[in-house]
Amino acid sequence: RYKKQMLASMEKAYNERDKTESGRYVGEYIRNFLDDEPIPGISFEYEFMQKYVPEVSLDEVNALAQNWITETNRVVIITGPEKEGVEMPTEEEVRQVLNEVGQMDISPYEDALTATELMEQTPAPGSVASQNEREHGITELVLSNGVTVVLKPTDFKNDEILMSAFSPGGASLYPDEAYYSATNADGIVVESGVKDLSSTDIDKLLTGKNVRVAPYISSLTEGFSGSATPKDVEAMLQLLHLYFTAPRQDMQAFQSYVNKNKMIYSNLLSNPQYFFLDKVSEIMSQDHPRGGGFPSAEDWDSIDYEQAFEIYSERFTDASDFTFVFVGNFDVEEMKQMLLPYLGSLPDTDRDENWKDVGVRYPEGKIDEKVYKGTDPKSQVTINFTGYFDYDKKLVYHMSSMTDILKNRLIDVVREEESGVYSISAGLSAQRRPIG
């Protein structure tokens with residue numbers, strides 16, 4: 001499996017060898033200068049990998065691991081908080097645990113996966129209801145089930161196709177008490193898998209392929225993001241189809257998802273920087289329950305398993321109001337034939353829905369608030385100016401350009417000339433929905 005992953009990753013870099021980005025060369029030169037790492041070039045490395053990686057046997061890797069992992073060169077480092085009720089293990093306790101594990105009879109991992117493909121049968125294809133050629137080389141399709149597809153071939157990359165999909169609705173259609181079930185429904189399904197395949201099974205079946213597909217449910221929309229190499233685009237479309245039609249329910253995966261996130265977020269607010277960001281979100285949203293702060297343990301516990309799965313199913317039960325955008329190295333006619341079975345067969349209930357304005361608004365007037373957290377002698381300052389306006393792309397472009405100039409001046413004067421700060425920046429955030 002790992003051989004396939006290595007070769008697939010190398011093949012993607014090899015296929016882009018005439019369009020390698022500057023940053024990759026910089027990294028090569030730095031490692032060559034600092035570590036004497038050779039720079040034979042991607043063509044040599046690819047041919048070298050193809051020739052020698054298949055010759056490496058599992059027994060050889062296991063033998064190497066046995067030589068590396070010994071009882072005489074081992075260092076154990078344990079970190080933890082200094083607070084009442086937390087007792088660190090003693091050296092003797094750690095040695096005892098290591099000895100007990102070393103004496104255990106641990107059987108090798110057995111792979112129970114029997115499937116060899118994501119989908120055994122290709123769905124019956126839909127048809128193209130209309131096709132329009134737009135400016136800038138864009139082709140717009142409407143399929144028989146109402147799905148809109150936008151295709152834009154490019155030659156910026158040789159081995160990449162990007163996908164994005166969106167539909168109005170999102171978490172805005174659900175009450176505040178279901179907010180965390182709605183916004184985490186996508187992550188729970190990803191953790192659970194599709195059909196009878198776990199997330200681990202999916203990774204195994206995609207070994208050797210460069211494919212990424214991720215569903216999302218945001219405040220006002222739901223959809224997908226994804227990418228694939230041209231040769232793996234069918235696998236991307238298959239996984240996309242299954243996330244629509246066959247999300248998998250798995251209580252154990254749900255519990256794992258919630259527990260992992262509770263653990264991650266449990267200590268965030270003890271960090272002064274994260275505490276500050278959470279406070280800013282609270283102020284800027286007037287403490288709205290959907291204001292964008294960090295979830296608490298109670299918020300994670302409020303997620304209902306059945307409700308989350310029901311919300312996910314509702315968001316993706318009707319594909320007729322979805323728009324899919326594909327950009328990359330493909331032929332329009334070939335891509336169109338590939339899309340018909342996987343997108344043209346998606347469910348269509350022809351429902352009419354849109355997102356809702358849930359009432360998150362910036363505070364009015366001047367607010368000056370100080371937040372004290374941490375012991376380090378340093379501070380962080382945020383100054384926000386807000387206002388409502390009629391969203392206009394040209395206006396936003398000009399405002400963004402002005403902000404870039406301001407950022408450079410701040411660095412030149414406050415950082416360089418005055419030595420007044422460690423870092424300083426300026427940024428613009430402009431939104432069109434729910435209001436400008």
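One can find the structure itself at the top, above this paragraph.
The following refers to the structure shown.

1. Here's the deal with the overall build of the chain
At step 1: For the chain, the helix and strand inventory stands at 14 helices and 7 strands.
At step 2: In terms of its C-alpha atoms, the chain occupies a principal-axis envelope of roughly 70 × 65 × 50 Å.
At step 3: Taking all 436 residues of the chain together, 30% fall into the buried category.
At step 4: Within the chain, counting contacts between residues at least 6 apart in sequence, those at least 24 apart form 77% of the total.

2. Quick look at the sheet that holds strand β7 (residues 323-328)
At step 1: Strand order in the open sheet made by the 7 strands is β1-β2-β3-β7-β4-β6-β5, with mixed pairing throughout. The open sheet terminates on both sides in strands that have one partner only, identified here as β1 (128-134) and β5 (211-217). Between one strand axis and the next, the sheet turns through 15° on average, direction left out of account.
At step 2: By the bridge criterion, 4 bridges tie strand β2 (residues 138-143) to strand β3 (residues 148-153) in an arrangement that is antiparallel. For Glu140, the partnering residue across the bridge sits in β3 and is Val150.

3. Some remarks on a nonpolar patch on the surface
At step 1: A contiguous nonpolar patch, built from Val76, Ile78, Val86, Met88 and Leu98 and spanning about 370 Å² of accessible area, is present on the exposed surface.
At step 2: Look at Ile78 and you get partly exposed, because its relative accessible area is 43%.

4. Let's talk about the pairing of β5
At step 1: Every second residue of β5 is oriented toward a common face, the buried set being Val211, Val213, Pro215 and Ile217 and the non-buried set Arg212, Ala214 and Tyr216.
At step 2: Pairing of β5 with strand β6 (residues 221-228), which is carried by 7 bridges, proceeds in the antiparallel orientation. Along β6, the bridge assignment pairs Tyr216 with Gly223.

5. So, the pairing of β3
Two faces belong to every sheet, and in a regular strand the side chains alternate between them.
At step 1: Two successive antiparallel strands, β2 and β3, enclose a turn made up of 4 residues, where Gly146 displays a positive phi of approximately 95°.
At step 2: Relative to β7, β3 is paired through 6 bridges, and the arrangement is parallel. Directly across from Val149, in β7, lies its bridge partner Phe324.

6. Quick word on helix α9 (residues 251-266)
Residues three or four positions apart in an α-helix share a direction because the helix packs 3.6 residues into each turn.
At step 1: Counted at 1.5 Å a residue, the expected span for α9 with its 16 residues is 22 Å, and the 22 Å between its end C-alpha atoms agrees.
At step 2: Taken together, the buried positions of α9 are Ala253, Phe254, Tyr257, Val258 and Asn261. Seen end-on, α9 carries its buried residues on one side only, within an arc spanning 135°. Away from its buried face, by an angle of more than 90 degrees, α9 presents the exposed residues Gln252, Met263 and Ser266.

7. Structural notes on the nonpolar core
At step 1: Core analysis: the biggest nonpolar cluster contains 60 residues, and Val149, Leu151, Phe224, Phe324, Phe326 and Leu343 have the highest contact counts within it.
At step 2: For this core, the element with the highest residue contribution is helix α8 (residues 233-245), accounting for 9 residues.
At step 3: If sequence neighbours within four positions are ignored, Phe224 has contacts with Met163, Ser164, Ala165, Val213, Ala214, Pro215, Tyr216, Leu240, Tyr243, Phe244, Tyr312 and Phe316.

8. Digging into the side chain of Glu353
At step 1: Tracing the backbone shows Glu353 in the loop between α13 (332-342) and α14 (393-417).
At step 2: Here the side chain of Glu353 touches Arg315 through a polar contact of 2.9 Å, side chain to side chain.
At step 3: A polar contact is formed between the side chain of Glu353 and the side chain of Arg351, at a distance of 3.2 Å.
At step 4: With residues near it in sequence (within four places) discarded, Glu353 still touches Pro168, Leu173, Glu222, Arg315 and Asp321.

9. Quick look at the packing of α8 against α13
At step 1: Across the interface, α8 lies against α13 with an axial gap of 10 Å and an inter-helix angle of 25°. Classified by the interaxial angle, the pair formed by α8 and α13 is roughly parallel. Crossing hand, α8 versus α13: right-handed. Between α8 and α13, the residues in contact are Val233, Glu234, Leu237, Gln238 and His241 and Met335, Met338, Leu339, Pro341 and Tyr342, respectively.
At step 2: Considering only residue class, the contact of α8 with α13 consists of 7 nonpolar, 2 polar and 1 charged.

10. Topic: the layout of surface pockets
At step 1: Each pocket or cavity is described by its volume, and for the second largest pocket that value is around 590 Å³.
At step 2: Around the second largest pocket, the lining is made up of 21 residues, and of these Ala13, Thr20, Arg24, Glu28 and Ile42 lie nearest the centre.
At step 3: When residues of the lining of the second largest pocket are traced back to their parent elements, those giving at least two are α1 (2-15), α2 (22-35) and α3 (42-52).
At step 4: Residue composition of the lining of the second largest pocket, grouped by class: 8 nonpolar, 3 polar and 10 charged.

11. Considering the pattern of salt bridges
At step 1: Under the counting rule described, the total for this entry stands at 22 salt bridges.
At step 2: Here Lys336 ties to Glu333 by a salt bridge, and the two come within 3.3 Å at their closest N and O atoms. Here Lys336 pairs with Glu333, and both are found in helix α13, just 3 residues apart, close to one helical turn.
At step 3: Taking the relative accessible area as the measure of exposure, Glu333 reaches 42% and is therefore partly exposed.
At step 4: A salt bridge links Asp357 to Arg361; its shortest N-O distance comes to 2.6 Å.
At step 5: The network of salt bridges with shared partners includes Glu222, Arg315, Asp318, Arg351 and Glu353.

Quick notes on the rules
Every chain begins its residue count from 1, and numbering advances along the sequence as written. For this predicted model, a pLDDT threshold of at least 70 governs which residues receive local features, and a threshold of 80 or more governs which side-chain atom pairs are given and counted, while totals over whole chains, interfaces and linings are taken from all residues. With hydrogens and water excluded, all non-hydrogen atoms of the structure serve as input to the side-chain values. Comment: elements are numbered from the N terminus, with helices defined as DSSP H or I runs of at least four residues and strands as E runs of at least two. When a residue's accessible area, from a 1.4 Å probe over protein chains only, is under 20% of the maximum for its type it is buried; when over 50% it is exposed; and in between it is partly exposed. The contact rule is simple, with two residues in contact once any of their heavy atoms fall within 4.5 Å. Two strands form a pair only when DSSP identifies at least two bridges running between them. Axes here mean lines fitted to C-alpha atoms, for a helix over just the part in contact, with angles spanning 0 to 180 degrees between N-to-C directions. A residue counts toward a patch only above 30% relative accessible area and without a salt bridge, and it is joined to like-charged neighbours within 9 Å or, for Val, Leu, Ile, Met, Phe, Trp and Tyr, to nonpolar neighbours within 5 Å. Using a 1.4 Å probe, accessible areas were evaluated by the Shrake-Rupley method; residue-level cover was limited to the displayed protein chains. For salt bridges, the criterion is a side-chain nitrogen of Lys or Arg within 4 Å of an Asp or Glu carboxyl oxygen. A helix's residues, less one, multiplied by 1.5 Å, set its expected span. Picture the helix axis, draw a direction to every C-beta atom, and the arc is the one those directions span. Here, nonpolar core means buried Ala, Val, Leu, Ile, Met, Phe, Trp, Tyr and Cys residues that are tied together by side-chain atoms lying within 4.5 Å of each other. For this analysis, a polar contact is any N or O atom pair within 3.5 Å, provided that within protein one partner can donate a hydrogen and the other can accept it, and provided that sequence-adjacent residues contribute only side-chain to side-chain pairs. When an angle is under 35 degrees it counts as roughly parallel; over 145 it counts as roughly antiparallel; between 65 and 115 it counts as roughly perpendicular; any other value is oblique. Handedness of a crossing is defined here by the sense of rotation of the near helix relative to the far one, left-handed for an anticlockwise turn of less than a right angle and right-handed for a clockwise turn. Here the nonpolar group is Ala, Val, Leu, Ile, Met, Phe, Trp, Tyr, Cys and Pro; Asp, Glu, Lys and Arg are the charged ones; every other residue, Gly included, is treated as polar. Think of a 1 Å grid over just the protein atoms. A cavity is a set of points where a 1.4 Å probe fits yet cannot get out, a pocket is an open set with protein on both sides within 12 Å along at least five of seven lines, and lining residues have an atom within 4 Å of a point. Grid points are joined across faces, edges and corners, and a volume is the space filled by probe spheres set on the points.

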